[in-house]
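Below, each chain spelled out in residue letters.
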Amino acid sequence: MTTKKDLAKKCIWIISILVFLLLLLFFVSLNMGLVKIAPNAVLQTLIGNGTERDKLVLLEFRLPRMVLAVMIGAGLAFSGSILQAVSKNELADPGIIGINAGAGFAVVLFLFIIQGSMSALAAINLWLLPLFSFLGAVLAAALIYMLAWKKGINPIRLVLVGIGINSGFAAAITIMQLKMNPQDFMKAAVWISGDIWGASWNFVLVILPWMLLLCIYALYKSHTLNQLSLGDQVAIGLGVHVERERLKVLFTAVALAGLCVSAGGGISFLGLVAPHIARKIMGPKHQYVLPVSALIGSFLLLLADTIGQNILAPTQISVGIVVAIISAPYFIYLLMKTN
Amino acid sequence: MSILSTEHLKIGYEEKIIVEDLSFTIQSGEITTIIGPNGCGKSTILKTLARIHKAKSGFVYLDGKAIHKIPTKQIAQKMAVLPQSPDAPAGLTVFDLISYGRSPHQKGFARLSDRDKEVIEWALKVTGLEELRDQDVDTLSGGQRQRAWIAMAIAQETELLLLDEPTTYLDMAHQLEILKLLKKLNEDENRTIVMVIHDLNHAARFSDRMIAMNKGRLMKEGTAEEVMTAEVLKNVFQIDAVVVTDPRTNKPVCLSYDLIEQEKDMNNKNGIVQEPVLV
Amino acid sequence: MIRKDCAIVELAENRKNKGKNIYKSALLMLSCFVLVFLLAVSISVGAANIHLSTVWEAVFQFDSNVQAHRIIQEIRLPRSIGACLIGACLAVSGAILQGLTRNPLAAPSIMGVTDGAALALIISLVFFPGLSMGEQSIASFIGAGVGVLIVFGIGALSKGSVSPAKLALAGIAVSSLFQAITTAIALHFDMAKNMGFWHAGGLNKVNWSGVHVLFIICIVGITAAILMSKALTILSLGEDVSKGLGQNTVMIKGIGFIITLFLTGAAVSIAGPIGFIGLVVPHITRFLVGSDYRWVIPFSAVFGAILLVMSDAAARMVNAPFETPVGAITAIIGVPFFLYLARGQGRRV
């Protein structure tokens, strides 16, 4: 069995391997697609010596998109880890319990209200979209919390209410979708199924500070998450102010989900699968689970994006679809194995 | 010296009142057991004492201060609680579980100080789990697992330890193992223990004081000899009990019992006369 | 199939419910009258309001020269009767599912049926474009079947008990997977808008041939359901109890699922996925007439029909002259109801 020192060493090993794989994927992905950039050309461009074309494609298009993919993957993984700890349910995920749907609803509503078409999305003040998405996520989470609260939170009730809220928001989104004109409808459909649409450095800069802040806060709360996962009664006995702490970490998870939806649309299952794999490798302590699941999430999302962009070229399959196709079978397998 | 006491406690869930008016005192340095039939409210009372459950009215005093006024982390430094059927996440080692017991004494990132490590080692030793320190809690046997949870509770280094049915799902040997451990903690370190126990004879054997509850009312409070009488057991459990003294422990033991009303009916129907066993 | 042990159940019921049976029969007949009335009202409202007396004439004294009569006969009547039948099919399916799985949250719409049907439909639209409406319906029917099989397969093959939460999650997983594949194909082959409309559920494509098929399936399915209603009632007491009473639970479940499959498959393949009727109606029914499936099934059929006819009328009226998808209306009723049910699910694990 592993001792504490072993676990810390294992963590460092795993993180190193994951970072290496991520970089590898990064180079491979750049070498695919409509414009292929070979690895040494990548390096050249990064230090400033590349061709004009390479510079444009790499620095203006590919790189921001990949950075976003890495961030969204990490954010969703963090969000899922927290939700699973709080709901004491290994199968919780911001997509399943309706937080993504809430955020998506807010975004679609926002676009509907400003009568803008989806193509105007990019032109809109970049602050507004993440803000609306965040508000939608918070609204969904608040609804779920209030409805699931009956003298305390029961994890099963939380998940079931989440599923209900998910259906509700999904229906609302469908209604609004049908009122859009066909091109917008199509773009909305793509976005809702998960699409890294805003791949520009400006957008990255809008999202990055919040993402970092929330992730660092989540890491700070690792021990609290550990205590919460022992169950409410034990946690109270250990002196944890359960209702308050739960709200704090839930808020973090929801905010992260909201940010990720604003950047990447409705991506389901990632927040479920990444923490799960992380926990299998590293055990249940959140000091290890959070960083490892973030790296796994980033890797999976970048992989899904690469596959989505290249497998049926020149059509793009949105990243959410690829993630769903990869993860749903794994999720089903998990369902069958757990009790 | 009273460490924990209640005053006119009224406890319930939503509309249902379980305990109307409860007042008692737990003496420091003693083992007190709460006994009673199913649904009498024993677990709920323990949870209210541990501030896990909020009372509808009345007070719980910890060291003389009203418990709801004390910050929860501070309470955790004075009182440790072990609820019924606790659940550890998969993959958690015994060492890690016990280390969580140090949290009331830690800040922020919860790094283990040298003192913390000392206490964890000591908890492992006292519960006899040194060999199993790196094993996953969910792979342990029932008795070992319970010992691991108790180790976590004692790692909290509190004077007061509250346990809700710590022996209910264990076999005979393991039950005794746990109770003897608790007795040792009480004698060696003067810890005050309050627990809810189903097995009357165990309760009588290991307690300094017993509290018998029925339908939310305190029926009898006192030493094992005072509470374990046929009269009290009839009022509390509706049983016709035969109480003798255990030659091994010199404590009262319920040797056998029968149901009260039913027995009369059976006598009449079958025409069989049941001779009560007289002692 | 059912042995005489079940006479015990019957005896107990008969003694208690003698008076109640009359009440229930009266209620059933009243509901039928309400249904017919609502049907007539539903036919008369719409983009062009038609007087009730005209409706009466159109049915019984049809004159093909009168335009109103033609509208009624060709468009509105089949649509409303279709709504009636589909509502009945969905409600009865839901009732059977809830009885079979002993799960108050079971409903055709979260069991992988609708998304399986959608996937099959888009595959047939894209890869076999020459299929007729009837053949498309058959394809989506098959897809529905596959969806149900997978979801229940997960339930059957998984470790541990099949709790409501688990089944709901399995349904979501399978639905999401199918949805993802469907969306991928739809976007790739530029059929997104078509799929979007189908997905919201609408009764605007219901014609007489569809109604004929529906009618047959509905009558056969509901009759079969009524025939096995006693078995269902006993099954809802618990698996072990019903085995102890001598029932062949495997066969009962199998037949039950097949009936559900046919009823829901037919409904979905003609009108697309219409959610929540299968979830909500059985609860209302059980609330009014208790848990005896000999009453629950017929009442669910009538109530389901009433609910869908009303929702369809609302869907046509809300944003006239545009069609609102009827699925949206049923969602407005259904989601709060589902949430109310979910709140009660804290105890069971």
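Keep in mind it's a predicted model, so treat the numbers as computed, not measured.

Procedures and definitions
- Residues numbered from 1 in each chain as written.
- Chains lettered and ligands numbered in written order.
- Predicted model: local features only at pLDDT ≥ 70, side-chain atom pairs only at ≥ 80, totals over all residues.
- Helix = DSSP H or I, 4+ residues; strand = E, 2+ residues; numbered from the N terminus.
- Rg over C-alpha atoms; globule rule 2.2 N^0.38 Å.
- Buried ≥ 20, exposed ≤ 12 C-beta atoms within 10 Å, placed from the backbone.
- Contact = placed C-beta atoms within 7 Å.
- pLDDT = per-residue confidence, 0-100.
- Pairing = 2+ DSSP bridges.
- Axes fitted to C-alpha atoms, helices over the stretch in contact; angles between N-to-C directions.
- Expected span 1.5 Å × (residues − 1).
- Parallel < 35°, antiparallel > 145°, perpendicular 65-115°, else oblique.
- Left-handed = near helix turned anticlockwise from the far one by under 90°.
- Nonpolar A, V, L, I, M, F, W, Y, C, P; charged D, E, K, R; others polar.
- Core = buried A, V, L, I, M, F, W, Y, C linked by C-beta atoms within 7 Å.
- Bend = angle between axes of the 7 residues up to and from the residue.

**Topic: the overall build of chain A**
Moving on, step 1. Counting its secondary structure elements, chain A contains 14 helices and 0 strands.
Moving on, step 2. Beginning at the N terminus, the succession of helices and strands in chain A can be written as α-α-α-α-α-α-α-α-α-α-α-α-α-α.
Moving on, step 3. Its C-alpha radius of gyration of 20 Å places chain A within 12% of the 20 Å reference for a compact globule of 339 residues.
Moving on, step 4. Counting only C-alpha atoms, chain A reaches 65 × 55 × 35 Å along its principal axes.
Moving on, step 5. The buried share among the 339 residues of chain A stands at 58%.
Moving on, step 6. Contacts spanning at least 24 positions in sequence make up 78% of the contacts within chain A whose residues lie at least 6 apart.

**Some remarks on the confidence of the model for chain C**
Residue and element names in this part refer to chain C.
Moving on, step 1. Within chain C, residue pLDDT values average 78, and 85% of them lie at 70 or more.
Moving on, step 2. Per-element mean pLDDT across chain C ranges from 69 in helix 7 (residues 192-200) up to 88 in helix 13 (residues 293-318).
Moving on, step 3. In this model, residues 1-6 is a region of pLDDT below 50 whose contacts with residues beyond four sequence positions or in other chains number 11 contacts.
Moving on, step 4. If you check the scores for this complex, the pTM reads 0.80 and the ipTM reads 0.83.

**What about the sheet that holds strand 9 (residues 192-196) of chain B?**
Residues and elements named next belong to chain B.
Moving on, step 1. As summarised here, the arrangement of the 6 strands in space is 7-8-9-4-10-11, forming an open sheet in which the pairing is mixed. Each edge of the open sheet carries a strand with a single partner, namely strand 7 (79-82) and strand 11 (217-222). This sheet shows a mean twist of 15° between the axes of neighbouring strands, independent of strand direction.

**Digging into the pairing of strand 11 of chain B**
Residue and element names in this part refer to chain B.
Moving on, step 1. Of the strand pairs in this sheet, strand 10 (residues 209-214) and strand 11 are connected by 5 bridges, and their pairing is antiparallel. Residue pairing for strand 11: Ala 212 is matched across the bridge by Lys 220.
Moving on, step 2. In this antiparallel pair of consecutive strands, strand 10 and strand 11, the connection spans 2 residues, and Lys 215 shows a positive phi of 50°.

**Here we look at helix 11 (residues 242-264) of chain A**
Residues and elements named next belong to chain A.
Moving on, step 1. With 23 residues, helix 11 should cover 33 Å at 1.5 Å per step; its first-to-last C-alpha distance of 32 Å lies within 8% of that length.
Moving on, step 2. Burial analysis of helix 11 places 17 of its 23 residues in the buried class, which makes it a mostly covered element.
Moving on, step 3. Just downstream of helix 11 lies Gly 265, where phi reads positive at about 70°.

**Considerations on the confidence of the model for chain A**
Moving on, step 1. Put simply, chain A has an average pLDDT of 83, and 91% of its residues get 70 or more.
Moving on, step 2. The secondary structure element of chain A with the lowest average pLDDT is helix 7 (residues 182-192) of chain A, at 71, and the one with the highest is helix 9 (residues 222-228) of chain A, at 93.

**A look at the packing of helix 5 (residues 128-148) of chain A against helix 6 (residues 155-178) of chain A**
Residues and elements named next belong to chain A.
Moving on, step 1. Where helix 5 meets helix 6, the closest approach of the two axes is 9 Å, and the angle between their N-to-C directions is 135°. Looking at the two axes, helix 5 sits oblique to helix 6. Taken as a pair, helix 5 and helix 6 cross one another with a handedness that is right-handed. Here helix 5 contributes Ala 140, Leu 143, Ile 144, Leu 147 and Ala 148 to the contact with helix 6, which in turn contributes Arg 157, Leu 158, Val 161, Gly 162, Ile 165 and Phe 169.

**Things to note about the interface of chain A and chain B**
Moving on, step 1. Of the residues lining the interface, 22 residues belong to chain A; the matching set on chain B comes to 26 residues.
Moving on, step 2. If you list the elements that add at least two residues to the side of chain A that touches chain B, you get helix 9 and helix 10 (232-237) of chain A.
Moving on, step 3. At 4 residues, helix 10 of chain A tops the list of elements feeding residues into the side of chain A that touches chain B.
Moving on, step 4. Partitioned by chemical class, the residues of the side of chain A that touches chain B number 6 nonpolar, 12 polar and 4 charged.

**A short note on the packing of helix 3 (residues 52-86) of chain A against helix 11 of chain A**
Residue and element names in this part refer to chain A.
Moving on, step 1. Where helix 3 meets helix 11, the axes come as close as 8 Å, and the angle between the chain directions of the two elements is 150°. Between helix 3 and helix 11, the interaxial angle falls into the category roughly antiparallel. When you trace helix 3 past helix 11, the crossing you get is left-handed. From helix 3, Leu 68, Ile 72, Gly 75, Leu 76, Phe 78, Ser 79, Ile 82, Leu 83 and Val 86 reach across to helix 11, where they touch Arg 246, Val 249, Leu 250, Thr 252, Ala 253, Leu 256, Ala 257, Leu 259, Cys 260, Ala 263 and Gly 264.

**As for the nonpolar core**
Moving on, step 1. Among the nonpolar cores identified, the biggest contains 304 residues, and Ile 98 of chain B together with Ile 86 and Val 92 of chain C are the most heavily contacted of them.
Moving on, step 2. With 16 residues, the single largest contributor to this core is helix 3 of chain A.
Moving on, step 3. Contact partners of Ile 86 of chain C, with chain neighbours within four places excluded, come to Leu 214, Ala 267, Ile 270, Ala 271, Ile 274 and Leu 308 of chain C.

**Focus on the environment of Pro 252 of chain B**
All names here are of chain B.
Moving on, step 1. Note on placement: Pro 252 falls in strand 13 (residues 252-259).
Moving on, step 2. Residues Pro 252 and Leu 92, 160 residues apart in the sequence, show an inter-C-alpha distance of 41 Å.
Moving on, step 3. Dropping the residues within four chain positions of it, Pro 252 is found in contact with Ala 204, Ala 224, Glu 225, Met 228, Val 243 and Thr 245.

**Some points on the environment of Leu 62 of chain B**
Moving on, step 1. Tracing the chain through its elements places Leu 62 of chain B in strand 5 (residues 57-62).
Moving on, step 2. A C-alpha to C-alpha distance of 24 Å links Leu 62 of chain B and Leu 179 of chain B, two positions 117 residues apart in sequence.

**Side note on helix 3 of chain A**
Residue and element names in this part refer to chain A.
Moving on, step 1. Here helix 3 contains 35 residues, and its C-alpha end-to-end distance of 50 Å stays within 8% of the 51 Å for a straight helix at 1.5 Å per residue.
Moving on, step 2. If you look at helix 3, its biggest bend is around 35°, right at Arg 62, and the proline Pro 64 turns up within four residues after that.
Moving on, step 3. Within helix 3, 26 of the 35 residues are buried, leaving the element largely enclosed by the surrounding structure.

**Describing unusual backbone geometry**
Residues and elements named next belong to chain B.
Moving on, step 1. Its identity is not glycine, yet His 8 carries a phi of approximately 50°, on the positive side.
Moving on, step 2. With respect to the helices, strands and loops of the structure, His 8 is situated in strand 1 (residues 2-13).
Moving on, step 3. On the basis of neighbour count, His 8 is assigned to the exposed category, with 12 C-beta atoms found within 10 Å.
Moving on, step 4. Within the chain, Asn 190 stands out as a residue other than glycine whose phi angle is a positive 60°.
Moving on, step 5. When you line up the elements, Asn 190 lands in the loop between helix 6 (172-189) and strand 9.

**Here's the deal with the pairing of strand 7 of chain B**
Residue and element names in this part refer to chain B.
Moving on, step 1. Both faces of strand 7 are covered, namely the face carrying Met 79 and Val 81 and the face carrying Ala 80 and Leu 82.
Moving on, step 2. Of the strand pairs in this sheet, strand 7 and strand 8 (residues 160-164) are connected by 4 bridges, and their pairing is parallel. Each residue of the ladder has a partner; that of Ala 80, found in strand 8, is Leu 161.

**A look at the environment of Ile 120 of chain B**
Residues and elements named next belong to chain B.
Moving on, step 1. Inspection of the secondary structure puts Ile 120 in helix 4 (residues 114-126).
Moving on, step 2. Ile 120 gets classed as buried once you count the C-beta atoms within 10 Å, which come to 23.
Moving on, step 3. Here the alpha-carbon distance between Ile 120 and Arg 133, two residues 13 residues apart in the chain, equals 10.0 Å.
Moving on, step 4. In contact with Ile 120, other than residues within four places in its own chain, are Phe 95, Ile 98, Ser 99, Arg 102 and Ala 155.

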